[in-house]
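Each chain, letter by letter, is given below.
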Amino acid sequence: MIVKGTRKVVPVRSIRISDSHWNRTVTEEGIEALADNFEVIGQLNPITVRPVGKAGHTFELLAGRRRLEAMKKTGHKEIEVKVVRCSDEEARIMSLAENLHTEKPNSKEWADGFKELVDLTESRLTREQKKRRSRTSQTTTSGKGQGKQTTPEFPDGTAGKSKRGRPTTPKQDAIREASQKSGVSEREGRRQYKRAADLIPSAKAAWDKGKITNEQADTLANMTKTSQRRQLSRMVSETNKATRSRRQEETASKATKSEAENYTIRALAGLGEQAEAWRKGCAAFMRYVDGRNLDWDRILKESGVTPVGLEPCIEQLSELYEFLACD
């Protein structure tokens, strides 16, 4: 399904949310971040809308909810849009495909949206298949020769066949097409579809909340509903145990890090006190010896202090100063 559109700039106030728009979760933080980007580089990609009514001055949003909200937040009165004319089914497919493509998978919301996109695509492919069979049957009965049955084409130009060359079912074709539109591999598409279609509600909720891993969710999706109920509690327990172990390791790591930081604080504080005492001592010493006629050869010899003997200390102090002064 390819729907062509026209780019134009329209008032922000002329756009409303369509019933066909997939209302995925949109966080305020995400809108704020996008609004900041708009302030710097402006709008790069248009949102997708379709005209409403005969006048064509009002539009329904199909895809680009975050971009629309970000433009409102930045105070823009106009926004660039891609205007398409399509049916309600096509509008829903476009909304799902674009929103799924911009979001990372592995959430209940994404999997449910992907399943709906597959179901809508399968319904369209099934209708097209019936039409082809009907035309083939009419051609055969009319005596004009055997009609040639074709298979659906995908965005990459390939036909509806598996890697082994066998004909595929509308469901397989729909998963393949939906995967391409959503920006994931066909294998990932099948995995997400099974999670949405075959996981029991409690297992799907546990997966979405992180109580079971993606691998555990895939394992459950291949089980019967009864087996899922039996295995779910065990998997949740295993995940909780692993989570507790990981948190304990993180706590121990933080404690070790905290202990090292506290020692460093105490050591630097001690060095600072000594440096201040040394500075005051040096100042007092210089004030005392200033202008006095002293036998420095005898003083240095009997005190055991020589300029050469002070060099290692001076070098280390210089290194410490450079280390602490760096950004």
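What counts and how
- Residues numbered from 1 in each chain as written.
- Predicted model: local features only at pLDDT ≥ 70, side-chain atom pairs only at ≥ 80, totals over all residues.
- Heavy atoms only, no water.
- Helix = DSSP H or I, 4+ residues; strand = E, 2+ residues; numbered from the N terminus.
- Buried < 20%, exposed > 50% of the residue type's maximum accessible area, 1.4 Å probe, protein only.
- Contact = heavy atoms within 4.5 Å.
- Axes fitted to C-alpha atoms, helices over the stretch in contact; angles between N-to-C directions.
- Parallel < 35°, antiparallel > 145°, perpendicular 65-115°, else oblique.
- Nonpolar A, V, L, I, M, F, W, Y, C, P; charged D, E, K, R; others polar.
- Expected span 1.5 Å × (residues − 1).
- Pairing = 2+ DSSP bridges.
- Core = buried A, V, L, I, M, F, W, Y, C linked by side-chain atoms within 4.5 Å.
- Patch = residues over 30% accessible without salt bridge, like charges linked within 9 Å, V, L, I, M, F, W, Y side chains within 5 Å.
- Areas by Shrake-Rupley, 256 points an atom, 1.4 Å probe, with all protein chains shown as cover.
- Salt bridge = Lys/Arg side-chain N within 4 Å of Asp/Glu carboxyl O.
- pLDDT = per-residue confidence, 0-100.
- Phe/Tyr/Trp six-rings, centres within 6.5 Å; stacked < 30°, edge-to-face > 60°.
- Lys NZ or Arg CZ within 6 Å of the ring centre and 35° of its normal.

Asks: Explain the overall build of the protein here, please?
Replies: The number of helices and strands found in the protein is 11 helices and 5 strands. The buried share of the protein, reckoned over its 327 residues, is 31%. Summarising the internal contacts of the protein: among those between residues at least 6 apart in sequence, 68% fall at separations of at least 24.

Asks: Teacher, can you tell me more about unusual backbone geometry here?
Replies: The phi torsion at N106 lies on the positive side, around 70°, for a residue other than glycine. The class for N106 is partly exposed, based on a relative accessible area of 39%.

Asks: Just to check I follow, could you spell out the packing of helix α8 (residues 214-221) against helix α9 (residues 225-289) for this structure?
Replies: Relative orientation and spacing of two packed helices are given, respectively, by the angle between their axes and the distance between those axes. Packing of α8 against α9 brings their axes to within 10 Å, and their N-to-C directions diverge by 170°. One way to sum up the angle between α8 and α9 is to call them roughly antiparallel. Together, Q216, T219, L220 and A221 of α8 and Q228, Q231, L232, M235, E238 and T239 of α9 make up the contact between the two elements. The class makeup of the residues in the contact of α8 with α9 is 4 nonpolar, 5 polar and 1 charged.

Asks: So what exactly am I meant to see when it comes to helix α5 (residues 170-182) here?
Replies: For α5, with 13 residues, the first-to-last C-alpha span of 18 Å sits near the 18 Å given by 1.5 Å per residue. α5 sits mainly inside the fold: 10 of its 13 residues count as buried. Taken together, the buried positions of α5 are P170, D173, A174, I175, R176, E177, A178, S179, K181 and S182.

Asks: It is not clear to me how the sheet that holds strand β3 (residues 47-52) should be interpreted in this structure. Could you clarify?
Replies: Backbone hydrogen bonds are what pair the strands of a sheet, in a parallel or an antiparallel way. The 5 strands are arranged β1-β5-β3-β4-β2 in an open sheet whose pairing can be described as mixed. What marks the edges here is a single partner per strand, and that holds for β1 (5-11) and β2 (15-17). Mean inter-strand twist for the sheet, computed between neighbouring axes without regard to direction, equals 45°. Inspection of the sheet shows β1 paired to strand β5 (residues 78-84) by 7 bridges, in the antiparallel sense. Within β5, the residue paired with V10 across the bridge is I79.

Asks: In this structure, what is going on with the nonpolar core? I would like to understand it.
Replies: Soluble globular proteins tend to bury their nonpolar side chains together. I15, I47, V49, L68, I79 and V81 are the most contacted members of the largest nonpolar core, which totals 17 residues. Elements that contribute at least two residues to this core include exactly α1 (28-41), β3, β4 (58-63), α2 (65-73) and β5. Ranked by size, the runner-up nonpolar core spans 16 residues in total, among them I93, L117, V118 and Y193.

Asks: When you look at a nonpolar patch on the surface in this model, what are you seeing that I'm missing?
Replies: Residues F285, M286, L294, W296, L300, V305, L310 and I314 make up a contiguous nonpolar surface patch of roughly 690 Å² in combined accessible area. When contributions to the nonpolar patch are tallied by element, the ones reaching two or more residues are α9, α10 (296-303) and α11 (307-325). Structurally, W296 can be placed in helix α10. Owing to a relative accessible area of 34%, W296 belongs among the partly exposed residues under this scheme.

Asks: Would you mind going over the confidence of the model for the protein with me for this structure?
Replies: Should pLDDT be low for a region, the predicted coordinates there are not to be read in detail. Taken as a whole, the protein shows an average pLDDT of 82; of its residues, 88% reach a score of 70 or greater. Model confidence for the protein, summarised as mean pLDDT per element, is weakest for α11 at 76 and strongest for helix α6 (residues 186-198) at 93.

Asks: Teacher, can you tell me more about the pattern of salt bridges here?
Replies: Where side chains of opposite charge bring their charged atoms close, a pairing between them can arise. Under the definition given, this model contains 25 salt bridges. One salt bridge connects K194 with D198, and the closest N-O pair in it is separated by 2.8 Å. With a gap of 4 residues between them, K194 and D198 both fall in helix α6, about one helical turn apart. Within the structure, one salt-bridge network assembled from shared partners comprises R16, R50, E60 and D88.

Asks: I'm lost on the packing of aromatic side chains in this one. Help?
Replies: The description of two aromatic rings rests on the distance between their centres and on the angle between their planes. Taken as a whole, this structure holds 1 aromatic pair when the rule is applied. With 5.4 Å between their ring centres and 10° between their planes, W110 and F114 make a pair best called stacked. Highlighted residues: W110 and F114, both in helix α4 (residues 108-141), separated by 4 residues, approximately one helical turn. Across the pair, exposure class does not vary: W110 and F114 are buried alike. Positioned over the ring face of Y288 is R292, at 4.1 Å from the centre of the ring.

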